[in-house]
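As a plain string of letters, each chain reads:
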Amino acid sequence: MFSLLVAAGLSLITVRPFVRAQGELLEEKVRAESANHAKSDFLANMSHEIRTPINAVLGMNEMILREDHRAQELAKDDSVDMIETLKNINVYANDVKSAGHNLLAIVNDILDFSKIEAGKMDITEAPYQLSSLLNDLNNMILFKAQDKKLDFNIDVDRTLPDDLYGDEVRVRQILTNILGNAVKYTEKGSVRLTLRGEEQGDGTILLKAKISDTGIGIRPEDKEKLFTKFQRLEMERNSTVEGTGLGLVITRRLLDMMGGTISVESEYGKGSVFTVTIPQRIVSNVSVGNFQERFEKNMKEGGTYKESFRAPNARILVVDDTRINLAVVANLLKSTLMRIDTALSGAEAVKKAEDTAYDLILMDQRMPEMDGTEALHKIRETSGGKSSKVPVICLTADAVIGAKERYLSEGFSDYLTKPIDSFALEKMLKKYLPSSKVELVNDEKKEEISEEKAADSYDALRAAGVNPSEGLKYTNNDEGFYLSMLNEYASSYEEKSGKINEYYSKEDWKEYGIYVHALKSTSKMIGAMELSELALRIEEAAKNSDAETIRGKHELMMKRYEAVTKAINLTASR
Ligand code: ADP
């Protein structure tokens, strides 16, 4: 932190022992005081910013542990409470994830800023596809916008060239930053990205991105402060909004380095428009084309993650000394149908690479005993090893200056930072896996696959009046979770239906109502809407001891309950 502050030019207080013109002294005093002020503000701001997500992570984790404890104590057959508990765990775990991401964003900002101040920020140019960059942007921003119920639109000129040459990571960072701000500082309305380009006739294009929002706007007198380090405007009003006040400074510096520009127009209280220009080289004239349609389709599908390729004939090795990390990677890549082997140590990786022909190896760097670099060298040196020449990608949490270069010079084919981003990982795999083994999944195919799957696995449920998509909503579209809910529902059928019948024949409407109430909620959660509504009506009748209504509907409810359970058992046995 100290070196960062020095780098930030905040230790300006040097006193020269000579008399100086009073004006000059005064000026220096003001400068020193304001630098000091900025430093204190920065430290206070930063500790607040960093403490907030850490507190969230610890707090939410505490909740997860408590829920887990509760789940273990719950009687095995208490399916309503169990489902409720699992749902709670899911919500808390998602909060942990988002706090973790916030923390990472803050640390990244600080790292980038210190790199810039130390003159060590480089622009690394390479060919990339504009459509893929826009897709990533969509995936990053859409959820944030949806969380705040904002409309998010991307309007891209379809004639823009798709194959460009430049620093994709930095271009994405610039746009994410401004779009992220637009979402952060807008409470109602919309955020829009309009992308156009002007060909310059020398093989370059000047990309022009306009990011407009209907947010809080910026006062004219505050405009210049926007690009000043550590400056955040209207701190009182924005006290609950996360930020470091570094984003726009970094953005402007990156643009300067790439020969781009940034400007802002804003009406206080109405919204802002940030305009960014970035020159990029054109590699080929293939255009982004119907990106727009693809994008809108994605939007309709709610931006849910879908694999972008499949490689059922590919075999890869993932090396990490932490089991949970292996599980994360395996899970991220599950839908690509690749065969995924794992190794828990460098030594195990070397052995496996010798015996098995892999298409690619993902290698964690920091492992006890033999680290990733050493394992890589051993793999490369094993003569006759079946995987001694395959691409090896380094996985590391190391994001410091020069890390990438260091790993590449050690002989790694490429480098991915942890926590692993699923899109970055897929992209990397598409790049390094043998292209003959990679089948790209286009939208049409994806739809076919998912419809096919839905038709054969959920038909029985639909016939019994269950709407799986209603149920999936409760699980955040997590199919595995949904299936476990169904399982839970069916396995308690014998006991629950027995109880309902028992209290029905005893005419104990109070107890009867309690069980019907539970049936109502669990049925709703799995998407058995008709059954749930029927149970609701009977529950109300039970509350009023309205025996006549109950008698009129009880049989039907029990029949439906049985039919739904049978359909679940049929689904599970496929
Ligand atoms: P921060 O991390 O605080 O968001 P930035 O450098 O990205 O830092 O932005 C600096 C300040 O500019 C913000 O704190 C906010 O007050 C203001 N700002 C940035 N973008 C917008 C916007 N789209 N609408 C209103 N205010 C904005």
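Being a predicted model, the structure only gives us computed values, none of them experimental. (Residues numbered from 1 in each chain as written. Predicted model: local features only at pLDDT ≥ 70, side-chain atom pairs only at ≥ 80, totals over all residues. Heavy atoms only, no water.)

## Quick look at the overall build of the protein chain
The criterion, for reference: Numbering goes from the N terminus for both helices and strands, where a helix is a DSSP run of H or I of at least four residues and a strand is a run of E of at least two. The classification of residues rests on relative accessible area computed with a 1.4 Å probe and restricted to protein chains. Under 20% of the type maximum is buried, over 50% is exposed, and intermediate values are partly exposed. Between two residues, a contact is recorded if the distance between any of their heavy atoms is within 4.5 Å. The accessible surface values rely on the Shrake-Rupley method and a 1.4 Å probe; as for residues, cover is taken only from the protein chains in view.
Regarding its fold elements, the protein chain presents 19 helices and 14 strands. Per-residue burial for the protein chain yields a buried fraction of 42% across its 574 residues. For the protein chain, restricting intrachain contacts to residue pairs at least 6 apart in sequence, the fraction spanning at least 24 positions comes to 72%. Summed over all atoms, the accessible surface of the protein chain reaches about 30,200 Å², with 51% contributed by carbon and sulfur.

## Re the pairing of strand β6 (residues 261-267)
Note the following rule: Two strands pair if DSSP finds at least two bridges between them.
Across seven bridges, β6 lies against strand β7 (residues 271-282) in antiparallel orientation. Within the sheet, the bridge partner assigned to Ser 266 lies in β7 and is Ser 272. Once β6 ends, the chain turns through three residues before running back antiparallel as β7, passing Gly 269 with a positive phi of about 90°.

## Section: the nonpolar core
A general tendency of soluble globular proteins is for nonpolar side chains to be buried together. The condition is simple: Only buried residues count toward a nonpolar core, which is a set of Ala, Val, Leu, Ile, Met, Phe, Trp, Tyr and Cys residues joined through side-chain atoms within 4.5 Å.
Counting residues in hydrophobic clusters, the biggest one holds 52 residues, and the most contacted among them are Phe 152, Ile 178, Leu 179, Leu 193, Ile 211, Leu 226 and Phe 274. Counting residues in each nonpolar core, the second largest holds 36 residues, with Leu 472, Met 525, Met 558 and Tyr 561 among its members.

## Observations concerning the packing of aromatic side chains
Applied cut-off: Under the pairing criterion, centres of Phe, Tyr and Trp rings, with the six-membered ring standing for Trp, must be within 6.5 Å; the plane angle then separates stacked pairs below 30 degrees from edge-to-face pairs above 60, leaving the rest tilted. For a ring to carry a charge above it, either NZ of a lysine or CZ of an arginine must fall within 6 Å of the ring centroid while also lying within 35 degrees of the normal to the ring plane.
Using the criterion set out here, one finds eight aromatic pairs in the structure. Between Tyr 407 and Phe 412, the aromatic rings sit 6.1 Å apart at their centres with planes inclined by 80°, giving edge-to-face as the arrangement. The burial state of Tyr 407 is the same as that of Phe 412; both residues are buried. Ring centres 6.2 Å apart and planes at 55° place the aromatic pair Tyr 504 and Trp 509 in the tilted group. Judged by relative accessible area, Trp 509 falls into the buried class, the value being 9%. Every member of this aromatic cluster is reached through a ring pair, and the members are Tyr 407, Phe 412 and Tyr 415. Over the ring of Tyr 407 we find Arg 406, and its NZ or CZ is 5.2 Å from the ring centre.

## What about the side chain of Thr 382?
Inspection of the secondary structure assignment puts Thr 382 in the loop between α10 (372-381) and β12 (392-396). Other than its neighbours up to four places away in sequence, Thr 382 contacts Glu 354 and Ser 388.

## Topic: the confidence of the model for the protein chain
Going by this rule: Values of pLDDT, the confidence the predictor places in each residue, fall between 0 and 100.
On average, the protein chain scores 82 in pLDDT, and the residues at 70 or more come to 83%. Counted against residues more than four places away or in other chains, residues 1-17, with its pLDDT under 50, gives 23 contacts. Every residue in residues 301-305 is under pLDDT 50, and counting partners more than four places away or in other chains gives 14 contacts.

## Points about the site of the ligand
For clarity, the cut-off: Think of it this way: one heavy atom of a residue within 4 Å of a molecule or strand is enough to make that residue near it. Any pair of nitrogen or oxygen atoms within 3.5 Å is treated as a polar contact; in protein, a donor-acceptor pairing is required on top of that, and neighbouring residues in sequence qualify only through side-chain atoms on both sides. Residues were grouped as follows: Ala, Val, Leu, Ile, Met, Phe, Trp, Tyr, Cys and Pro as nonpolar; Asp, Glu, Lys and Arg as charged; and all remaining residues, including Gly, as polar.
As a matter of local geometry, the ligand sits amid 21 residues, with Asn 181, Tyr 185, Arg 232, Thr 244 and Leu 248 nearest to it. Interatomic distance of 2.9 Å between a side-chain N/O atom of Lys 184 and an oxygen atom of the ligand. In this structure, Tyr 185 approaches the ligand through a side-chain N or O atom, which is 2.9 Å from an oxygen atom. For the ligand, whose accessible area on its own is 530 Å², the fraction buried by protein is 98%. For the shell around the ligand, the elements supplying multiple residues, two or more each, are α5 (168-184), α6 (247-258) and β7. Ranked by the residues each element gives to the shell around the ligand, the list is headed by α5, at three residues. A class-by-class count of the residues in the shell around the ligand yields nine nonpolar, nine polar and three charged.

## Side note on the packing of helix α15 (residues 479-491) against helix α17 (residues 509-526)
The line we're drawing: Only the stretch in contact is used when fitting a helix axis, every axis being a line fitted to C-alpha atoms; angles between N-to-C directions are given from 0 to 180 degrees. Geometric relationships in this document are graded by angle, where less than 35 degrees denotes roughly parallel, more than 145 denotes roughly antiparallel, 65 to 115 denotes roughly perpendicular, and other angles denote oblique. Each crossing gets its handedness from the near helix: less than a right angle anticlockwise from the far helix is left-handed, clockwise is right-handed.
Relative to each other, α15 and α17 sit at 150°, their axes nearing to 10 Å. Classed by the angle they form, the pair α15 and α17 counts as roughly antiparallel. Both α15 and α17 take part in a crossing whose hand is left-handed. Here α15 contributes Tyr 482, Met 485, Leu 486 and Tyr 489 to the contact with α17, which in turn contributes Leu 519, Thr 522, Ser 523, Met 525 and Ile 526.

## Examining the pattern of salt bridges
The line we're drawing: Here, a salt bridge means any side-chain nitrogen of Lys or Arg that lies within 4 Å of a carboxyl oxygen of Asp or Glu.
Taken as a whole and judged by the stated rule, the model has 20 salt bridges. Its salt-bridge partner being Arg 66, residue Glu 62 comes within 3.3 Å of it at the nearest N-O pair. Of the two residues, Glu 62 and Arg 66 both sit in helix α2 (residues 22-73), four residues apart, roughly one turn of that helix. The closest approach of N and O atoms between Lys 148 and Glu 187, which form a salt bridge, is 3.2 Å. Taken together, the residues Lys 148 in the loop between α4 (130-147) and β2 (151-156) and Glu 187 in the loop between α5 and β4 (190-199) connect sequence positions 39 residues apart.

## A look at helix α16 (residues 493-506)
To be explicit about the condition: For a helix, the expected span equals 1.5 Å multiplied by the number of residues minus one. What the arc covers is the set of directions going from the helix axis to the C-beta atoms.
Counted at 1.5 Å a residue, the expected span for α16 with its 14 residues is 20 Å, and the 20 Å between its end C-alpha atoms agrees. Those residues of α16 lying buried are Tyr 493, Lys 496, Ser 497, Ile 500 and Tyr 503. In an axial view of α16, the angular spread of the buried residues amounts to 130°, which keeps them on one side of the axis. Those residues of α16 that are exposed and angled more than 90 degrees off the buried face are Glu 494, Ser 505 and Lys 506. Just past α16, the residue Glu 507 takes up positive phi, approximately 55°.

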